Amino acid sequence: MNEFPQAMTIAGSDSDGSAGMQADLHTFFVQGVYGTSVLTACVAGNSYGIHDQVLLPKRFIDQEFKDLAEDFQIRAAKTGMLANSEIIEAVIENYQKYDFGPLVVDPVIITKHGDFLLDQEAFATIKEKLIPLATVLTPNFFEAEKLADMKIESSADQIQAAKILQDMGADTVIVKGKHHDDQQSEVSDLVLYASGKQEWLSGPYYATDRKNGSGDSLSACITAELAKGKDQEAAIHTGYHYVQAAIKNELAVGHKFGPVNQFANLN
Ligand SMILES: Nc1ncnc2c1ncn2[C@@H]1O[C@H](COP(=O)(O)OP(=O)(O)O)[C@@H](O)[C@H]1O
Ligand SMILES: Cc1ncc(COP(=O)(O)OP(=O)(O)O)c(N)n1
């Protein structure tokens, strides 16, 4: 009993299944990990965009954590959409109360199509209270700019932002590369490990409209691998290759901006 690897996503539901909790649970499944979930918010949307959001009350979030803590042996967890300071504080309080293993923090601020999923007033709470709990922090370049309070225009800036975020208390920081220019040939993510070791994970730039949920899939795959007992470096490498395959092998669902293809990683 209870030996099967179990992980937890603390995130919002994205109704079109491309990102958020759905992407996390798809990824856990594909990676052979049992997925549990603490739902923070519900987002109504489809491949054309997001059209409404509803946030869940703290008492319900507290109950979700309590129920999972009492019954499951969760070995790793990740955060996604946390919406505002009240929800972030509730997540931190519960995370510190129970033992859910290492925490992957995906500091979701905005989707790649410009919809905000976090109130601006919550940036300080993420920086001061959530980042210090992160085993692995996975900002995209925009989130890294906001949280490190600097512009990222070069590889040196990517490293500098990672150092600033590590100084806030995260163990390992992945500052994901820019990918917004159809003229670019490569995308490079920078990993700054707790030891100080730096590693560039680079691959081809894919000019596709089917990459919703790329960031969630990366952080969820790292979480799944940590839940299986993999070390950070191995978990990050697996996560990176998982997302590369999911972007490269397009999946035709939805009519506009589709999801990355989690099925590409099924054996
Ligand atoms: N067009 C692309 N071509 C190649 N890799 C990409 C592309 N878009 C995203 N990635 C990769 O997907 C992963 C998630 O990054 P990103 O999309 O920036 O996260 P987020 O969804 O949080 O914005 C990273 O490893 C990044 O390098
Ligand atoms: C409910 C919900 N949570 C998170 C996201 C954003 O997902 P992410 O993978 O970080 O970014 P995109 O690649 O989808 O922009 C979301 N859309 N919905």
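Reading the values: rules and limits
Residues numbered from 1 in each chain as written. Chains lettered and ligands numbered in written order. Predicted model: local features only at pLDDT ≥ 70, side-chain atom pairs only at ≥ 80, totals over all residues. Heavy atoms only, no water. UniProt positions renumbered as here; feature names shortened; annotations may be inferred. Helix = DSSP H or I, 4+ residues; strand = E, 2+ residues; numbered from the N terminus. Rg over C-alpha atoms; globule rule 2.2 N^0.38 Å. Buried < 20%, exposed > 50% of the residue type's maximum accessible area, 1.4 Å probe, protein only. Contact = heavy atoms within 4.5 Å. Areas by Shrake-Rupley, 256 points an atom, 1.4 Å probe, with all protein chains shown as cover. Near = heavy atom within 4 Å. Polar contact = N/O pair within 3.5 Å; in protein donor to acceptor, adjacent residues only side chain to side chain. Pairing = 2+ DSSP bridges.

Looking at an unreviewed UniProt entry, the protein chain carries the name Hydroxymethylpyrimidine/phosphomethylpyrimidine kinase, with the source organism given as Eupransor demetentiae. In its Sequence similarities (unreviewed entry) section, UniProt records this for the protein chain: "Belongs to the ThiD family."

Caption draft 1: Highlighting the overall build of the protein chain. Within the protein chain, the regular secondary structure consists of eight helices and nine strands. In summary, the protein chain has a C-alpha radius of gyration of 17 Å against a globular reference of 18 Å for 267 residues, a match within 12%. Taken over the C-alpha atoms alone, the protein chain extends approximately 50 × 40 × 35 Å along its principal axes. By the burial criterion, 54% of the 267 residues in the protein chain qualify as buried. Taking as baseline every contact in the protein chain between residues at least 6 positions apart, the subset at least 24 positions apart corresponds to 67%. For the protein chain, the computed accessible surface area is about 11,700 Å², with 50% contributed by carbon and sulfur atoms.

Caption draft 2: Structural context of the site of ligand 2. Inspection of the region around ligand 2 gives 17 residues, with Asp 14, Lys 112, Gly 213, Gly 215 and Asp 216 positioned closest. At 2.3 Å, a side-chain N or O of Lys 112 approaches an oxygen atom of ligand 2. Gly 213 has a polar backbone atom sitting 2.9 Å from an oxygen atom of ligand 2. Isolated, ligand 2 exposes 430 Å² of accessible area, and the fraction of that covered by the protein chains is 95%.

Caption draft 3: Seen up close, the site of ligand 1. Around ligand 1 lies a shell of 16 residues, among which Lys 176, His 179, Asp 189, Ser 214 and Gly 215 are the nearest. One of the side-chain nitrogen or oxygen atoms of Asp 189 is found 2.5 Å away from an oxygen atom of ligand 1. Take Ser 214: an N or O atom from its side chain is 2.6 Å from an oxygen atom of ligand 1. Coverage of ligand 1 by the protein chains reaches 94% of its 540 Å² of free accessible surface. Put simply, the parts of the chain that give the shell around ligand 1 at least two residues each are β8 (186-192), α7 (214-227) and α8 (232-248). Looking at which element gives the most residues to the shell around ligand 1, the answer is α8, with four residues.

Caption draft 4: How the structure looks around the pairing of strand β7 (residues 172-175). Burial along β7 is two-sided: Thr 172 and Ile 174 and Val 173 and Val 175, pointing in opposite directions, are all buried. Looking at chain direction, strand β6 (residues 136-137) and β7 are connected through two bridges and run parallel. Bridge assignment links Val 136 to a residue of β7, and that residue is Thr 172. Of the pairings in the sheet, the one linking β7 to β8 comprises three bridges and is antiparallel in character. Counted as the bridge partner of Ile 174 is Val 191 from β8.

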